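Single-letter residue listing:
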Amino acid sequence: MIDVLFVALAFFAITGATSMLLYKSPIYAALGLLICVISIGGLFALLSASFMFMVQIIVYAGAIMTLLLFILMYLNIDEEDLPEEPNRNFLIGVGIAVMLPINALILDTIAKMPQADMSVVEEGFGGVKEIGVLLYNDWIIPLELISILILIAVIGSVVLAKKRKAKELN
Amino acid sequence: MTSLLGYATVSMILFSIGAIGVISRRNIFVIYMSIELMLNAINLFLVTFARYHLNMDGHVISMIVVAIAAAEAAIFLSVIILLFRSKGKLDTDIFTELKQEVE
(Lines give C-alpha, C1' and ligand atoms only; values in the text may rest on other atoms or scores of the structure.)
Protein backbone atom coordinates (compact mmCIF):
# COMPACT_ATOMS: atom_id res chain seq x y z
CA MET A 1 0.00 0.00 0.00
CA ILE A 2 2.73 2.44 0.98
CA ASP A 3 4.68 1.50 -2.14
CA VAL A 4 1.66 2.35 -4.31
CA LEU A 5 1.23 5.69 -2.53
CA PHE A 6 4.93 6.48 -2.90
CA VAL A 7 4.95 5.72 -6.62
CA ALA A 8 1.78 7.75 -7.22
CA LEU A 9 3.04 10.77 -5.26
CA ALA A 10 6.47 10.64 -6.91
CA PHE A 11 4.81 10.42 -10.34
CA PHE A 12 2.61 13.45 -9.62
CA ALA A 13 5.55 15.43 -8.21
CA ILE A 14 7.77 14.78 -11.22
CA THR A 15 4.90 15.36 -13.69
CA GLY A 16 4.05 18.69 -12.06
CA ALA A 17 7.67 19.80 -12.08
CA THR A 18 8.07 18.81 -15.74
CA SER A 19 4.93 20.70 -16.74
CA MET A 20 6.31 23.73 -14.88
CA LEU A 21 9.45 23.44 -16.98
CA LEU A 22 7.68 23.01 -20.32
CA TYR A 23 4.58 25.25 -20.25
CA LYS A 24 5.08 28.68 -21.79
CA SER A 25 2.31 30.41 -19.88
CA PRO A 26 3.33 31.20 -16.27
CA ILE A 27 -0.12 30.44 -14.84
CA TYR A 28 -0.04 26.84 -16.12
CA ALA A 29 3.50 26.57 -14.78
CA ALA A 30 2.31 27.77 -11.36
CA LEU A 31 -0.52 25.19 -11.35
CA GLY A 32 2.00 22.45 -12.23
CA LEU A 33 4.23 23.57 -9.38
CA LEU A 34 1.19 23.54 -7.06
CA ILE A 35 0.55 19.87 -7.90
CA CYS A 36 4.24 19.17 -7.29
CA VAL A 37 4.25 20.94 -3.91
CA ILE A 38 1.15 19.10 -2.66
CA SER A 39 2.66 15.76 -3.77
CA ILE A 40 5.86 16.57 -1.87
CA GLY A 41 3.65 17.24 1.16
CA GLY A 42 2.23 13.74 0.74
CA LEU A 43 5.76 12.32 0.61
CA PHE A 44 6.47 14.15 3.91
CA ALA A 45 3.45 12.40 5.41
CA LEU A 46 4.78 9.04 4.19
CA LEU A 47 8.07 9.85 5.93
CA SER A 48 6.01 10.32 9.16
CA ALA A 49 6.83 14.04 9.30
CA SER A 50 3.31 15.14 10.15
CA PHE A 51 4.29 18.65 11.23
CA MET A 52 6.23 19.25 8.02
CA PHE A 53 3.22 17.94 6.08
CA MET A 54 1.05 20.60 7.73
CA VAL A 55 3.64 23.32 7.11
CA GLN A 56 3.96 22.28 3.47
CA ILE A 57 0.21 22.39 2.87
CA ILE A 58 -0.52 25.55 4.88
CA VAL A 59 2.55 27.68 4.14
CA TYR A 60 3.72 26.45 0.73
CA ALA A 61 0.55 25.48 -1.09
CA GLY A 62 -1.69 27.76 0.92
CA ALA A 63 0.33 30.95 1.23
CA ILE A 64 3.31 31.11 -1.14
CA MET A 65 1.72 29.51 -4.22
CA THR A 66 -1.54 31.39 -3.65
CA LEU A 67 0.40 34.66 -3.44
CA LEU A 68 2.15 33.76 -6.70
CA LEU A 69 -1.12 32.89 -8.46
CA PHE A 70 -2.74 36.05 -7.10
CA ILE A 71 0.09 38.20 -8.47
CA LEU A 72 0.01 36.41 -11.84
CA MET A 73 -3.71 37.17 -12.15
CA TYR A 74 -3.27 40.71 -10.85
CA LEU A 75 -0.61 41.55 -13.46
CA ASN A 76 -2.85 40.16 -16.25
CA ILE A 77 0.03 39.00 -18.46
CA ASP A 78 -0.67 38.89 -22.19
CA GLU A 79 0.84 36.57 -24.73
CA GLU A 80 3.14 39.31 -26.10
CA ASP A 81 4.56 40.14 -22.67
CA LEU A 82 6.13 36.69 -22.46
CA PRO A 83 9.82 36.60 -23.42
CA GLU A 84 10.88 34.66 -26.49
CA GLU A 85 12.88 31.55 -25.74
CA PRO A 86 14.41 30.56 -29.08
CA ASN A 87 17.02 28.08 -27.80
CA ARG A 88 15.05 26.68 -24.85
CA ASN A 89 15.18 23.04 -25.98
CA PHE A 90 18.91 23.26 -26.61
CA LEU A 91 19.47 24.67 -23.12
CA ILE A 92 17.27 21.96 -21.59
CA GLY A 93 19.50 19.40 -23.34
CA VAL A 94 22.61 21.12 -21.98
CA GLY A 95 21.07 21.13 -18.48
CA ILE A 96 20.25 17.42 -18.65
CA ALA A 97 23.79 16.70 -19.85
CA VAL A 98 25.20 18.68 -16.90
CA MET A 99 22.87 17.29 -14.23
CA LEU A 100 22.96 13.58 -15.20
CA PRO A 101 26.56 12.88 -14.04
CA ILE A 102 25.93 14.73 -10.74
CA ASN A 103 22.75 12.72 -10.16
CA ALA A 104 24.51 9.47 -11.00
CA LEU A 105 27.34 10.28 -8.57
CA ILE A 106 25.07 11.20 -5.65
CA LEU A 107 22.64 8.31 -6.18
CA ASP A 108 25.52 5.87 -6.49
CA THR A 109 26.86 7.14 -3.15
CA ILE A 110 23.44 6.79 -1.52
CA ALA A 111 22.93 3.30 -2.92
CA LYS A 112 26.10 2.24 -1.10
CA MET A 113 24.78 3.51 2.27
CA PRO A 114 23.23 0.93 4.62
CA GLN A 115 19.54 0.64 3.79
CA ALA A 116 17.22 1.25 6.73
CA ASP A 117 13.55 0.50 7.19
CA MET A 118 11.63 3.61 6.05
CA SER A 119 8.15 2.58 7.17
CA VAL A 120 5.82 4.92 9.04
CA VAL A 121 6.79 5.52 12.66
CA GLU A 122 3.86 5.07 15.01
CA GLU A 123 4.37 7.73 17.69
CA GLY A 124 6.88 10.16 19.10
CA PHE A 125 8.37 11.28 15.77
CA GLY A 126 7.64 14.35 13.72
CA GLY A 127 4.56 15.59 15.54
CA VAL A 128 3.90 19.13 16.72
CA LYS A 129 4.88 18.43 20.33
CA GLU A 130 8.24 16.82 19.54
CA ILE A 131 9.17 19.54 17.03
CA GLY A 132 8.18 22.25 19.50
CA VAL A 133 10.29 20.80 22.29
CA LEU A 134 13.27 20.52 19.94
CA LEU A 135 12.73 23.99 18.47
CA TYR A 136 12.57 25.83 21.79
CA ASN A 137 15.47 23.94 23.39
CA ASP A 138 18.17 23.20 20.85
CA TRP A 139 17.24 25.59 18.03
CA ILE A 140 16.24 28.72 19.94
CA ILE A 141 18.94 31.00 18.42
CA PRO A 142 18.19 30.04 14.78
CA LEU A 143 14.49 30.54 15.55
CA GLU A 144 15.11 34.10 16.77
CA LEU A 145 17.33 34.82 13.76
CA ILE A 146 14.57 33.60 11.44
CA SER A 147 12.10 35.94 13.13
CA ILE A 148 14.51 38.85 12.55
CA LEU A 149 14.85 37.80 8.88
CA ILE A 150 11.09 37.75 8.40
CA LEU A 151 10.83 41.16 10.06
CA ILE A 152 13.45 42.50 7.60
CA ALA A 153 11.46 40.99 4.71
CA VAL A 154 8.27 42.71 5.93
CA ILE A 155 10.09 46.07 6.18
CA GLY A 156 11.63 45.53 2.75
CA SER A 157 8.32 44.84 1.06
CA VAL A 158 6.77 47.90 2.73
CA VAL A 159 9.67 50.04 1.49
CA LEU A 160 9.33 48.65 -2.05
CA ALA A 161 5.59 49.33 -2.09
CA LYS A 162 6.15 52.90 -0.91
CA LYS A 163 8.84 53.65 -3.48
CA ARG A 164 6.51 52.83 -6.36
CA LYS A 165 3.97 55.42 -5.21
CA ALA A 166 6.65 58.14 -5.03
CA LYS A 167 7.75 57.23 -8.54
CA GLU A 168 4.24 57.46 -9.94
CA LEU A 169 3.77 60.93 -8.46
CA ASN A 170 6.91 62.10 -10.24
CA MET B 1 10.39 1.19 -3.39
CA THR B 2 10.05 3.20 -0.19
CA SER B 3 13.73 2.98 0.56
CA LEU B 4 16.29 5.71 1.08
CA LEU B 5 17.29 5.38 -2.58
CA GLY B 6 13.72 5.90 -3.81
CA TYR B 7 13.21 9.14 -1.91
CA ALA B 8 16.71 10.35 -2.83
CA THR B 9 16.00 9.64 -6.52
CA VAL B 10 12.77 11.65 -6.43
CA SER B 11 14.37 14.62 -4.70
CA MET B 12 17.43 14.61 -7.00
CA ILE B 13 15.14 14.51 -10.07
CA LEU B 14 13.12 17.44 -8.71
CA PHE B 15 16.29 19.39 -7.90
CA SER B 16 17.63 18.73 -11.42
CA ILE B 17 14.37 19.91 -13.00
CA GLY B 18 14.63 23.10 -10.93
CA ALA B 19 18.23 23.69 -11.96
CA ILE B 20 17.39 23.04 -15.63
CA GLY B 21 14.52 25.51 -15.32
CA VAL B 22 16.86 28.22 -14.04
CA ILE B 23 19.31 27.50 -16.87
CA SER B 24 16.90 27.23 -19.80
CA ARG B 25 13.92 29.54 -19.22
CA ARG B 26 13.86 33.33 -19.63
CA ASN B 27 10.49 34.03 -18.00
CA ILE B 28 11.25 35.52 -14.56
CA PHE B 29 8.21 33.89 -12.93
CA VAL B 30 9.29 30.45 -14.12
CA ILE B 31 12.78 31.08 -12.75
CA TYR B 32 11.26 32.01 -9.38
CA MET B 33 9.19 28.81 -9.42
CA SER B 34 12.29 26.78 -10.29
CA ILE B 35 14.07 28.22 -7.25
CA GLU B 36 11.07 27.24 -5.10
CA LEU B 37 11.18 23.74 -6.60
CA MET B 38 14.87 23.39 -5.70
CA LEU B 39 14.13 24.48 -2.11
CA ASN B 40 11.35 21.87 -1.97
CA ALA B 41 13.63 19.14 -3.26
CA ILE B 42 16.20 19.98 -0.58
CA ASN B 43 13.41 19.87 2.03
CA LEU B 44 12.48 16.40 0.83
CA PHE B 45 16.12 15.33 1.15
CA LEU B 46 16.33 16.73 4.70
CA VAL B 47 13.13 15.03 5.83
CA THR B 48 14.24 11.75 4.21
CA PHE B 49 17.49 11.76 6.13
CA ALA B 50 15.67 12.79 9.33
CA ARG B 51 13.55 9.65 8.97
CA TYR B 52 16.64 7.58 8.05
CA HIS B 53 18.48 8.57 11.23
CA LEU B 54 15.29 8.91 13.36
CA ASN B 55 16.52 12.38 14.34
CA MET B 56 14.21 15.37 14.06
CA ASP B 57 16.83 18.08 13.49
CA GLY B 58 16.19 17.73 9.76
CA HIS B 59 12.55 18.70 10.28
CA VAL B 60 13.60 21.88 12.08
CA ILE B 61 16.07 22.79 9.33
CA SER B 62 13.47 22.23 6.62
CA MET B 63 11.01 24.38 8.58
CA ILE B 64 13.64 27.15 8.58
CA VAL B 65 14.00 26.68 4.81
CA VAL B 66 10.23 27.15 4.42
CA ALA B 67 10.42 30.36 6.48
CA ILE B 68 13.26 31.66 4.28
CA ALA B 69 11.24 30.75 1.17
CA ALA B 70 8.30 32.77 2.50
CA ALA B 71 10.51 35.81 3.15
CA GLU B 72 12.06 35.39 -0.31
CA ALA B 73 8.60 35.21 -1.92
CA ALA B 74 7.56 38.55 -0.42
CA ILE B 75 10.68 40.41 -1.61
CA PHE B 76 11.09 38.68 -4.99
CA LEU B 77 7.47 39.12 -6.05
CA SER B 78 7.34 42.78 -5.06
CA VAL B 79 10.55 43.44 -7.03
CA ILE B 80 9.03 41.62 -10.03
CA ILE B 81 5.86 43.74 -9.80
CA LEU B 82 7.91 46.96 -9.70
CA LEU B 83 10.04 45.93 -12.68
CA PHE B 84 7.06 44.68 -14.70
CA ARG B 85 5.23 47.96 -14.11
CA SER B 86 8.17 50.07 -15.28
CA LYS B 87 9.41 47.81 -18.11
CA GLY B 88 6.29 45.97 -19.26
CA LYS B 89 8.01 42.66 -19.92
CA LEU B 90 8.96 39.53 -18.05
CA ASP B 91 12.39 38.83 -19.51
CA THR B 92 15.27 38.20 -17.12
CA ASP B 93 17.03 41.16 -18.76
CA ILE B 94 14.88 43.51 -16.66
CA PHE B 95 17.06 42.68 -13.68
CA THR B 96 20.05 44.38 -15.28
CA GLU B 97 18.20 47.61 -14.46
CA LEU B 98 18.91 47.04 -10.75
CA LYS B 99 22.62 47.49 -11.41
CA GLN B 100 22.23 50.96 -12.87
CA GLU B 101 20.01 52.35 -10.14
CA VAL B 102 22.70 51.79 -7.53
CA GLU B 103 25.26 53.96 -9.28
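Right above here is the structure, for reference.
Every chain begins its residue count from 1, and numbering advances along the sequence as written. To read the labels, note that chains go from A and ligands from 1, taken in the order they are written. Two thresholds apply to this predicted model, a pLDDT of at least 70 for residue-level local features and 80 or more for giving and counting side-chain atom pairs, whereas whole-chain, interface and lining totals are computed over all residues.

(A) Up close: the overall build of chain B. A tally of helices and strands in chain B yields four helices and zero strands. Runs of H or I in DSSP of at least four residues are treated as helices and runs of E of at least two as strands, each being numbered from the N terminus. Shown N-terminal to C-terminal, the secondary structure of chain B runs as helices and strands in the order α-α-α-α. Computed over C-alpha atoms, the radius of gyration of chain B comes to 17 Å, more than 25% over the 13 Å expected from 2.2 N^0.38 for 103 residues, which places it beyond the range of a compact globule. Across its three principal axes, chain B shows a C-alpha extent of roughly 50 × 25 × 20 Å. Expressed as a percentage of the 103 residues in chain B, the buried residues total 48%. Counted over contacts in chain B with a minimum sequence separation of 6, partners at least 24 positions apart contribute 44%. Note that the radius of gyration is over C-alpha atoms, with the globule rule given as 2.2 Å times the number of residues to the power 0.38. Counting other C-beta atoms within 10 Å of a residue's C-beta gives its exposure: the residue is buried at 20 or more, exposed at 12 or fewer, and partly exposed in between, where C-beta atoms are placed from the backbone. Residue pairs qualify as contacts under a 7 Å threshold applied to their C-beta atoms, which are placed from the backbone.

(B) Examining helix α2 (residues 26–46) of chain A more closely. Multiplying one less than the number of residues by 1.5 Å gives the expected span of a helix. The terminal C-alpha atoms of α2(A) lie 30 Å apart, and with 21 residues this matches the ideal 30 Å at 1.5 Å per residue to within 8%. One or two residues past the end of α2(A) sits A:Ser48, with phi positive at roughly 55°.

(C) Looking closely at the nonpolar core. A set of buried residues qualifies as a nonpolar core if it consists of Ala, Val, Leu, Ile, Met, Phe, Trp, Tyr and Cys joined through C-beta atoms within 7 Å. Core analysis: the biggest nonpolar cluster contains 59 residues, and A:Met20, A:Leu33, B:Met33 and B:Leu37 have the highest contact counts within it. Looking at this core, the elements with two or more residues in it are α1 (2–22), α2 and α3 (50–75) of chain A together with α1 (4–24), α2 (28–53) and α3 (57–87) of chain B.

(D) Inspection of α2(B) at higher detail. Residues and elements named next belong to chain B. Given a rise of 1.5 Å per residue, 26 residues ought to cover 38 Å, and the 38 Å separating the end C-alpha atoms of α2 matches this to within 8%. Counting buried residues in α2 gives 21 out of 26 residues, a clear majority hidden from the surface. Immediately downstream of α2, the backbone of leucine 54 shows phi near 50°, a positive value.

These figures capture arrangement, not role.
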